[in-house]
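Letter by letter, the chains look like this.
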Amino acid sequence: MNTKLIALACLLPMAALAQDSSSIRVYGVVDAGAVSEHDCPNGDCPSTKISPGVSTGSVLGFTGQENLGNDTRAIFTLEAGVRNDTGQSDQNGRLFGSQAYVGLANRWGALTVGRQYDVGYETLVEVADPFRTGTAGTATNLIGNGTKRSDNSIKYRSSKFRGFSAGAIYSFGESAFSTSRNRAYGATIGYEGGLFTLRAAHQRKNNFLQGAGATTPVDLSSRNSIIAANMHVSKAATLYTAYAVNKGVGSSPWDQDNPYGALVLASPSTRSNDALAGVSYSAGAATFMVSYIRKDDRTLANQDANQVAVGMTYAMSKRTAFYAAYAKIRDENNAPYRVGNFSEQGKGRSAFNLGLRHAF
């Protein structure tokens with residue numbers, strides 16, 4: 001009898017774990033491509049290289065939910081970025097640097113806490129950019145403030161109600177010098193119905209530099225507003241457009257090798273307006289993308305820039321796709337914008353990508 005009780009006591013936790021694990025899903029994406037960069041300002045373009053996460057980030061993720069009753073669920077996501085060319089962690093060596101949050105969800109929406117995507121970046125990738133902020137054609141080469149996620153954040157995203165939805169995010173600064181210095185917050189509202197999607201978002205990030213003691217931080221705040229839309233003009237073709245207004249040091253894409261607070265400021269512009277127009281066209285398993293972006297620098301430096309990008313993806317199956325893309329930036333007055341991709345900043349004014357991604 002004692003032996004049976006011990007065996008039962010051992011099996012019950014395992015049964016409970018098996019029951020809980022039924023609501024947990026393991027997923028991931030492995031993406032790798034060849035990247036060839038050209039027209040580097042200092043003539044230091046690397047030779048063609050293999051890069052991870054060119055069209056989308058390579059990740060290993062765990063997500064799940066538990067029904068709590070009364071139409072309420074506990075939800076979580078842990079998503080680790082992987083540089084699959086070397087096997088190292090992405091996002092500066094973070095274990096779960098892609099996403100890491102827990103929260104509650106019901107028919108009204110979801111409230112989550114942790115490391116999460118900003119609402120401004122989500123608007124760019126989900127609505128505005130035919131390249132989905134991946135490959136050489138990514139809109140983040142010229143649009144946005146160079147960041148995608150906020151740490152220590154509380155985020156709410158509503159369910160759709162007659163096509164309308166809204167969201168907001170607040171990130172606590174948690175700086176030893178002054179928590180208000182590094183706070184971030186944003187809000188979004190949108191409509192999706194039939195063939196048309198429209199969304200507007202505003203994102204504010206306070207000073208990124210954490211001062212210490214009596215040191216006064218350098219003000220590197222940014223304010224980014226964007227309105228974006230896309231429309232399915234046929235079963236095969238979708239038109240994209242966006243307009244963004246950016247203000248403050250740190251409001252434009254910046255070289256991540258040059259950290260905030262360096263002697264040379266990281267951002268090339270403190271006030272600019274961006275315009276995007278693009279189209280995607282599907283023909284069988286292939287999808288073709290074209291986009292044009294104009295960055296209008298409104299400062300005295302007048303560091304304007306234009307980007308033209310073309311690309312394609314070919315779905316070899318539901319989970320595997322081949323892709324290719326080319327983008328070129330033409331700058332004025334030595335504007336320091338570069339052609340990157342989903343995971344890398346880039347060093348040249350033009351780049352060509354050729355790669356493969358597989359989802360599981």
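Within an unreviewed UniProt entry, the label attached to the chain reads Porin, and the organism entered is Pseudoduganella lutea. We quote the UniProt Subcellular location (unreviewed entry) comment for the chain here in full: "Cell outer membrane". Taken directly from UniProt, the Subunit (unreviewed entry) text for the chain runs: "Homotrimer."

Chemist: Help me understand the overall build of the chain in this model?
Modeler: Check the secondary structure of the chain and you find two helices and 18 strands. Going through the 360 residues of the chain one by one, you find that 46% of them count as buried. In the chain, once contacts between residues fewer than 6 apart in sequence are set aside, the share between residues at least 24 apart is 59%. Taken as a whole, the chain presents about 18,300 Å² of accessible surface, with 59% of it coming from carbon and sulfur.

Chemist: Mind showing me how you'd approach helix H2 (residues 119-128) here?
Modeler: Each α-helix winds once per 3.6 residues, and so residues spaced three or four apart point in a common direction. Counting buried positions along H2 yields nine of ten residues, so the element is predominantly enclosed. When H2 is considered as a whole, its buried residues turn out to be Val-119, Gly-120, Tyr-121, Glu-122, Thr-123, Leu-124, Val-125, Val-127 and Ala-128.

Chemist: Sorry if this is basic, but what is going on with the environment of Ala-80 here?
Modeler: By the element assignment, Ala-80 lies in strand E4 (residues 72-83). The buried category is assigned to Ala-80, whose relative accessible area is 11%. Placed 20 residues apart in sequence, Ala-80 and Ala-100 show a C-alpha to C-alpha distance of 8.4 Å. Once you skip the residues sitting within four places of it in the chain, Ala-80 turns out to touch Ser-58, Val-59, Leu-60, Leu-95, Phe-96 and Ser-98.

Chemist: Explain the pairing of strand E7 (residues 109-117) to me, please; I cannot follow it from the model alone.
Modeler: Note on strand geometry: in a regular strand, side chains alternate between the two faces of the sheet. In terms of burial, E7 is a largely internal element, seven of the nine residues being buried. Pairing analysis gives seven bridges linking strand E6 (residues 99-106) to E7, with the strands arranged antiparallel. In the sheet register, Val-102 faces E7, and the bridge partner there is Val-113. By the bridge criterion, eight bridges tie E7 to strand E8 (residues 149-158) in an arrangement that is antiparallel. Paired with Gly-114 across the strands is Ser-153, a residue of E8.

Chemist: How should I be thinking about unusual backbone geometry in this particular structure?
Modeler: Excluding glycine, a negative phi dihedral is what most residues carry, and trans is how most peptide bonds are arranged. Residue Arg-132 is not a glycine yet carries a positive backbone phi of 55°. Of note, Arg-132 is situated in the loop between H2 and E8. For Arg-132, a relative accessible area of 40% puts it in the partly exposed group.

Chemist: In this structure, what is going on with the side chain of Thr-77? I would like to understand it.
Modeler: Along the chain, Thr-77 falls in strand E4. Separated by 3.1 Å, the side chains of Thr-77 and Thr-63 make a polar contact. Apart from the residues lying within four places of it in its own chain, the contact partners of Thr-77 are Tyr-27, Phe-62, Thr-63, Gln-99, Ala-100 and Tyr-101.

Chemist: Looking at this structure, how should I read the pattern of salt bridges?
Modeler: When the charged atoms of two side chains with opposite charge come close together, those side chains can pair. Applying the stated criterion to the full structure yields 17 salt bridges. The closest approach of N and O atoms between Glu-126 and Arg-157, which form a salt bridge, is 2.7 Å. Of this pair, Glu-126 sits in helix H2 while Arg-157 sits in strand E8, and the two are 31 residues apart along the sequence. The exposure class assigned to Glu-126 is partly exposed, which follows from its relative accessible area of 30%.

Chemist: Sorry, what's going on with the environment of Asn-230 here?
Modeler: By the element assignment, Asn-230 lies in strand E12 (residues 222-232). Distance in space between the C-alpha atoms of Asn-230 and Tyr-240 is 4.4 Å, their sequence separation being ten residues. In this structure, Asn-230 is in contact with Glu-126, Val-127, Leu-195, Phe-196, Thr-197, Thr-238, Leu-239 and Tyr-240, ignoring residues within four places of it in sequence. There is a polar contact of 3.0 Å between the side chain of Asn-230 and the backbone oxygen of Val-127.

Chemist: I tried to follow the environment of Gly-186 on my own but got confused; where do I start?
Modeler: Residue placement: Gly-186 occurs in strand E10 (residues 184-193). On the basis of relative accessible area, Gly-186 is assigned to the buried category, the value being 10%. Expressed as a C-alpha distance, the spacing of Gly-186 and Asn-224, which sit 38 residues apart in the sequence, is 9.3 Å. What Gly-186 contacts, discounting residues up to four positions off in sequence, is Val-119, Ala-168, Ile-169, His-202 and Gln-203.

Chemist: Where do I start with the pairing of strand E18 (residues 350-359) in this structure?
Modeler: With ten bridges joining them, strand E1 (residues 24-38) and E18 adopt antiparallel strand pairing. When the bridges of E18 are listed, Ser-36 appears paired with Phe-352. Where strand E17 (residues 320-331) lies against E18, nine bridges are found, and the strand directions are antiparallel. Of the residues in E18, the one forming a bridge with Tyr-326 is Phe-352.

Chemist: Hey, could you run me through the confidence of the model for the chain in this one?
Modeler: Segments scoring low in pLDDT should not have their predicted coordinates read at a detailed level. On average, residues of the chain score 87 in pLDDT, and 84% of them reach the 70 mark or higher. Under a pLDDT of 50 for its full length, residues 1-22 has, in the predicted model, zero contacts with residues more than four places off or in other chains. The low-confidence segment residues 258-264, where pLDDT is below 50, has 13 contacts with residues more than four positions distant or belonging to other chains.

Chemist: Just checking my understanding: could you explain the nonpolar core for this structure?
Modeler: One broad trend across soluble globular proteins is that nonpolar side chains are buried collectively. Ranked by size, the top nonpolar core spans 26 residues in total, and within it Ile-143 and Leu-276 carry the most contacts. Elements with a minimum of two residues in this core: H2, E12, strand E13 (237-247), strand E15 (286-297), strand E16 (305-315) and E17. Residues within four places of Ile-143 in sequence aside, it is in contact with Leu-124, Ala-244, Pro-253, Asp-274, Leu-276 and Ile-293.

What counts and what doesn't
- Residues numbered from 1 in each chain as written.
- Predicted model: local features only at pLDDT ≥ 70, side-chain atom pairs only at ≥ 80, totals over all residues.
- Heavy atoms only, no water.
- UniProt positions renumbered as here; feature names shortened; annotations may be inferred.
- Helix = DSSP H or I, 4+ residues; strand = E, 2+ residues; numbered from the N terminus.
- Buried < 20%, exposed > 50% of the residue type's maximum accessible area, 1.4 Å probe, protein only.
- Contact = heavy atoms within 4.5 Å.
- Areas by Shrake-Rupley, 256 points an atom, 1.4 Å probe, with all protein chains shown as cover.
- Pairing = 2+ DSSP bridges.
- Polar contact = N/O pair within 3.5 Å; in protein donor to acceptor, adjacent residues only side chain to side chain.
- Salt bridge = Lys/Arg side-chain N within 4 Å of Asp/Glu carboxyl O.
- pLDDT = per-residue confidence, 0-100.
- Core = buried A, V, L, I, M, F, W, Y, C linked by side-chain atoms within 4.5 Å.

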